[in-house]
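# Report on the structure
Here's the letter readout for the chains.
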Amino acid sequence: MQINDRMEQLHNAVSQTYTAVEPDGPGNCGKQERGRSREIVCEHFLDVYVDEQLTFRLTCTATHLPELILGRLFTEGWIESIRDVESITICESGRSARVFLQENLRGSDRQISTDREASCCIGNLTFLGKNGKRQLRELPGTEWQNAWVFALAGEFAGDSKLHRQTGGTHSCYLGVRDKCVCSMEDIGRHNALDKCIGYALLKQLDLSECILFTTGRVPTDMVQKVIAAGIPVLTSKAVPTDQAIELAKKYHLNLICRAWPDRMEIYHDARK
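Now for a quick tour of the structure. (Residues numbered from 1 in each chain as written. Predicted model: local features only at pLDDT ≥ 70, side-chain atom pairs only at ≥ 80, totals over all residues. Heavy atoms only, no water.)

Buried residues dominate strand E12 (residues 254-260), accounting for 5 of its 7 residues. Direction of pairing for strand E11 (residues 233-236) relative to E12: parallel, over a ladder of 3 bridges. The residue of E12 that forms the bridge with valine 233 is asparagine 254. Taking the sense of rotation as the criterion, the β-α-β connection linking E11, helix H7 (residues 242-250) and E12 turns out right-handed. Bridge count between E12 and strand E13 (residues 263-268): 4 bridges; the pairing is antiparallel. The partner of leucine 255 across the bridge, within E13, is histidine 268. In textbook terms, the turn of a hairpin is the stretch between consecutive antiparallel strands, and for E12 and E13 this stretch comprises 2 residues. (Buried < 20%, exposed > 50% of the residue type's maximum accessible area, 1.4 Å probe, protein only. Helix = DSSP H or I, 4+ residues; strand = E, 2+ residues; numbered from the N terminus. Pairing = 2+ DSSP bridges. Right-handed = clockwise from strand over helix to strand, strands pointing away.)

Along its 12 residues, helix H3 (residues 146-157) runs 17 Å from first to last C-alpha, staying within 8% of the 16 Å computed at 1.5 Å per residue. Listed in full, the buried residues belonging to H3 are Trp148, Val149, Leu152, Ala153 and Phe156. Buried residues of H3, viewed axially, fall in a sector of 140°; they line one side. Buried residues in H3 make contact with strand E8 (170-176), strand E9 (179-186), strand E10 (210-214), E11, E12 and E13. Two residues or fewer after H3 comes aspartate 159, characterised by a positive phi angle close to 70°. (Expected span 1.5 Å × (residues − 1). Arc of directions from axis to C-beta. Contact = heavy atoms within 4.5 Å.)

As a further point, take the pattern of salt bridges. Pairing between side chains of opposite charge can happen when their charged atoms approach one another. Tallied over the entire structure, the rule returns 10 salt bridges. Arginine 36 is paired through a salt bridge with glutamate 33; the nearest N and O atoms lie 2.8 Å apart. Judged by its relative accessible area of 42%, glutamate 33 falls in the partly exposed class. Lysine 195 is the salt-bridge partner of aspartate 186, the closest N and O atoms lying 2.8 Å from each other. Judged on exposure class, the residue aspartate 186 and its partner lysine 195 are both buried. (Salt bridge = Lys/Arg side-chain N within 4 Å of Asp/Glu carboxyl O.)

So, on to the pairing of E10. Of all 5 residues in E10, 5 are buried, a share of seventy percent or more. Residue alternation in E10 divides its side chains into two sets, Cys210, Leu212 and Thr214 and Ile211 and Phe213, and both sets are buried. The pairing of E8 with E10 spans 5 bridges and is classified as antiparallel. Across the sheet, residue tyrosine 173 finds its bridge partner in E10, namely phenylalanine 213. In this sheet, E11 lies alongside E10 in parallel orientation, the contact comprising 4 bridges. When the sheet's bridge partners are listed, leucine 212 is paired in E11 with leucine 234. In this fold, E10 hands off to helix H6 (residues 220-229), which returns the chain to E11; that crossover is right-handed.

To continue, consider the side chain of arginine 72. Mapped onto the elements, arginine 72 comes out in helix H1 (residues 65-75). At a separation of 2.4 Å, a polar atom in the side chain of arginine 72 contacts the side chain of aspartate 194. (Polar contact = N/O pair within 3.5 Å; in protein donor to acceptor, adjacent residues only side chain to side chain.)

Overall, the coordinates contain 3 aromatic pairs when judged by the stated rule. Centre to centre, the rings of phenylalanine 156 and tryptophan 260 are 5.8 Å apart; their planes meet at 70°, and the pair counts as edge-to-face. A residue pair is termed long-range when its members are at least 10 positions apart, and phenylalanine 156 in helix H3 and tryptophan 260 in strand E12 qualify at 104 residues. Between tyrosine 173 and phenylalanine 213, the ring centres sit 6.3 Å apart and the planes meet at 75°, which makes this aromatic pair edge-to-face. With tyrosine 173 in strand E8 and phenylalanine 213 in strand E10, this residue pair connects regions lying 40 residues apart in the sequence. (Phe/Tyr/Trp six-rings, centres within 6.5 Å; stacked < 30°, edge-to-face > 60°.)

Here's what the structure looks like:
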């Protein structure tokens with residue numbers, strides 16, 4: 001597979017001024033301080049063409065776009081492995097990416113995306129249901145250790161660069177046993193997760209031996225993505241939904257939430 005990333009260096013944060021307001025006395029009329037500034041995360045818009053057909057329109061952070069594209073193609077079933085992709089080309093502005101699949105996969109039915117994908121969980125779930133092709137399969141029972149999860153939680157506690165700068169991103173950490181091999185961040189937690197999966201594909205890691213740690217809450221579409229990727233352990237510092245737990249039980253996903261360096265909550269344990 002060839003990657004031709006021609007995107008120029010883009011700003012992922014910009015300085016913006018604001019007015020700070022604090023309560024002032026019993027009337028709470030407000031004491032104001034004008035002219036303060038803060039670094040704000042930048043939104044980036046990316047159109048992804050697969051075999052010259054518009055397939056995804058993503059709102060993201062302009063970092064690790066090849067990994068994002070590969071992860072998205074994989075979790076939604078357009079490819080089964082990195083070998084299915086012939087090339088990825090990203091233009092200078094980073095606004096357009098062209099993916100060519102191997103010749104034997106070209107011409108497969110593919111719905112054209114006319115709407116830009118939302119960054120909320122409902123938008124992603126709707127998009128996945130409309131365009132996704134991958135059938136979810138039960139995950140094999142996989143051994144994992146509490147210490148591996150605590151190690152990833154410790155990595156999260158160190159924070160990520162753009163989040164430290166702006167406070168405006170979600171992060172995702174990829175672990176192989178007790179080693180953190182990659183960390184990604186994005187304005188959307190789904191994108192950060194796909195970036196980690198794309199990284200694993202590029203590095204030819206065995207996804208069945210991986211653990212994902214996400215900083216965001218865990219609704220059903222996040223669980224779907226992890227199951228589709230064949231990753232047996234999903235961990236979050238935040239909380240799951242009831243339907244996410246049910247889906248994890250159905251497909252034997254180990255689901256661990258409220259994971260911190262000193263405590264975690266196991267919502268489904270699929271260890272042998």
